[in-house]
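Chain by chain, the residues:
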Amino acid sequence: MILIINGSPRKNGNVAHMLKEMKLTAEEAGAEVKLINISELNVKPCIGCMKCRTAKECCLPADDSLNVMQLIKRADSMVIGAPCYWGNMPGQLKMLFDRMVYGLMGESESGMPQPLHKGKRAVIVTVCNTIFPFNIIFKQSRGTANALKEILKWSGFKVIKTVERGSMRKHPQLTASDLKRCKTAMTRLLLH
């Protein structure tokens with residue numbers, strides 16, 4: 001199963017359109033796909049108590065973070081899409097990952113991180129308003145991609161492709177080339 005997470009609060013924004021293109025590509029290839037929108041989730045913020053590290057579950061009352069964690073455990077691969085907010089992912093997406101750390105990464109007795117999803121693959125999709133190539137040079141879309149790569153790496157996912165799109169303010173419409181890059185990334189994910 002391929003899990004696609006739309007980390008944008010906009011269910012019909014450019015990130016959503018890129019992810020829908022990827023979902024369609026995977027479904028046409030016969031893959032089972034589950035797409036979730038962060039804007040539809042009810043997730044309370046992490047309180048940083050660190051109890052989940054030993055208990056292997058969050059001590060807060062169950063919310064949608066538990067459902068997403070179960071989907072990640074079941075998934076063979078994942079696609080995460082997020083717009084750039086100040087060179088990083090939106091807070092709602094970061095909050096979700098904070099709440100699921102116990103199911104993404106363990107710790108050895110010495111405190112070394114242990115990835116819990118070794119062998120799984122991932123694709124990252126990100127957009128930003130900063131014009132190309134400054135979206136990469138000044139780590140805007142690249143900052144978002146790097147933050148997501150860090151989480152995925154320590155969770156055991158191998159990021160096989162990143163699709164970045166800058167200049168959204170100047171050129172707000174997705175192009176055929178943008179959608180083709182999404183299709184290509186999904187095809188590559190399916191082949192691995």
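These figures come from a predicted structure and were not determined experimentally.

Student: Sorry, what's going on with the nonpolar core here?
Tutor: Grouped burial of nonpolar side chains is what soluble globular proteins tend to show. Residues Leu3, Ile72, Met78, Leu93, Phe97, Met100 and Leu148 are the most contacted members of the largest nonpolar core, which totals 31 residues. The residues touching methionine 100, leaving out its near neighbours within four places in the chain, are Ser65, Val68, Met69 and Ile72.

Student: Explain the layout of surface pockets to me, please; I cannot follow it from the model alone.
Tutor: A probe matching the size of a water molecule, rolled over the atoms, marks out where space remains unfilled. There is about 290 Å³ of room inside the largest pocket. Forming the boundary of the largest pocket are 15 residues, of which Arg10, Pro83, Tyr85, Val127 and Asn129 lie nearest the centre. Residue composition of the lining of the largest pocket, by class: eight nonpolar, six polar and one charged. In this structure, the second largest pocket spans a volume of roughly 160 Å³. Listing elements by their share of the lining of the second largest pocket, those giving two or more residues are α4 (91–99), α5 (101–104) and α7 (141–155).

Student: Just checking my understanding: could you explain the sheet that holds strand β2 (residues 33–37) for this structure?
Tutor: Ordered in space as β2-β1-β3-β6-β7, the five strands form an open sheet in which the pairing is parallel. Across the chains shown, the open sheet's two edge strands, defined by having one partner strand only, are β2 and β7 (158–165). Averaged over all neighbouring strand pairs, the angle between strand axes comes to 15°, with direction disregarded. Note that strand β3 (residues 77–83) and strand β6 (residues 121–127) share seven bridges and pair parallel. Bridge pairing in β6 links serine 77 to arginine 121. The sheet strands contacting α7 are β3, β6 and β7, and the helix crosses β6 at an angle near 155°.

Student: I tried to follow the pattern of salt bridges on my own but got confused; where do I start?
Tutor: Oppositely charged side chains may form a pair once their charged atoms are brought near each other. This model, assessed by the stated rule, comprises 11 salt bridges. In this structure, the salt-bridge partner of arginine 142 is glutamate 164, at a minimum N-O distance of 2.7 Å. On the criterion of sequence distance, the pair formed by arginine 142 in helix α7 and glutamate 164 in strand β7 is long-range, its members being 22 residues apart. We note a salt bridge from arginine 165 to aspartate 178, for which the minimum N-O separation is 2.8 Å. Here arginine 165 is found in strand β7, whereas its partner aspartate 178 is found in helix α8 (residues 176–191), with 13 residues between them in sequence. For the pair shown, arginine 165 and aspartate 178 are each scored as buried. Look at the salt bridges and you will find they share partners, linking Arg165, Asp178 and Arg181 into a network.

Student: Sorry if this is basic, but what is going on with empty space enclosed by the protein here?
Tutor: By the definition in use, this model includes two cavities of 30 Å³ or more. Taken as a whole, the largest cavity holds about 90 Å³ of empty space. Lining of the largest cavity is provided by 13 residues; of these, Cys46, Ile47, Cys49, Cys52 and Cys58 occupy positions nearest its centre. Among the residues making up the lining of the largest cavity, the classes are represented as nine nonpolar, one polar and three charged. Considering only enclosed or pocket space, the second largest cavity measures out at about 30 Å³ in volume. Lining the second largest cavity we find Cys52, Arg53, Lys56, Tyr102, Met105, Gly106 and Glu107. Elements that contribute at least two residues to the lining of the second largest cavity include exactly α2 (52–55) and β4 (105–107). Per-element tally for the lining of the second largest cavity: the top contributor is β4, with three residues. Partitioned by chemical class, the residues of the lining of the second largest cavity number three nonpolar, one polar and three charged.

Rules behind the numbers
- Sequence order as written defines residue numbering, which begins from 1 separately in each chain.
- Thresholds applied to this predicted model are a pLDDT of at least 70 for local features of residues and 80 or more for the giving and counting of side-chain atom pairs; totals over whole chains, interfaces and linings are not thresholded and use all residues.
- Heavy atoms from the whole structure form the basis of all side-chain values; hydrogens and water molecules are not counted.
- As used here, the term nonpolar core means buried Ala, Val, Leu, Ile, Met, Phe, Trp, Tyr and Cys residues forming a set that is joined through side-chain atoms within 4.5 Å.
- Relative accessibility thresholds used throughout: buried, under 20% of the residue-type maximum; exposed, over 50%; partly exposed, between the two (1.4 Å probe, protein chains only).
- The contact criterion used is simple: two residues touch if any of their non-hydrogen atoms lie within 4.5 Å.
- Space inside and on the surface of the protein is sampled on a 1 Å grid over the protein atoms alone, with a cavity defined as a set of points where a 1.4 Å probe fits but cannot get out and a pocket as an open set with protein on both sides within 12 Å along at least 5 of 7 lines; lining residues have an atom within 4 Å of a point.
- Grid points are joined across faces, edges and corners, and a volume is the space filled by probe spheres set on the points.
- Any residue that is not Ala, Val, Leu, Ile, Met, Phe, Trp, Tyr, Cys, Pro, Asp, Glu, Lys or Arg is counted as polar, Gly included; the first ten are nonpolar and the last four charged.
- In this description a helix means any DSSP run of H or I spanning at least four residues, a strand means any run of E spanning at least two, and both kinds are numbered starting from the N terminus.
- Two strands are said to pair when DSSP picks up at least two bridges between them.
- The angle between two axes is taken between their N-to-C directions and runs from 0 to 180 degrees, where each axis is a line fitted to C-alpha atoms and a helix contributes only its stretch in contact.
- Each reported salt bridge corresponds to a side-chain nitrogen of Lys or Arg within 4 Å of a carboxyl oxygen of Asp or Glu.

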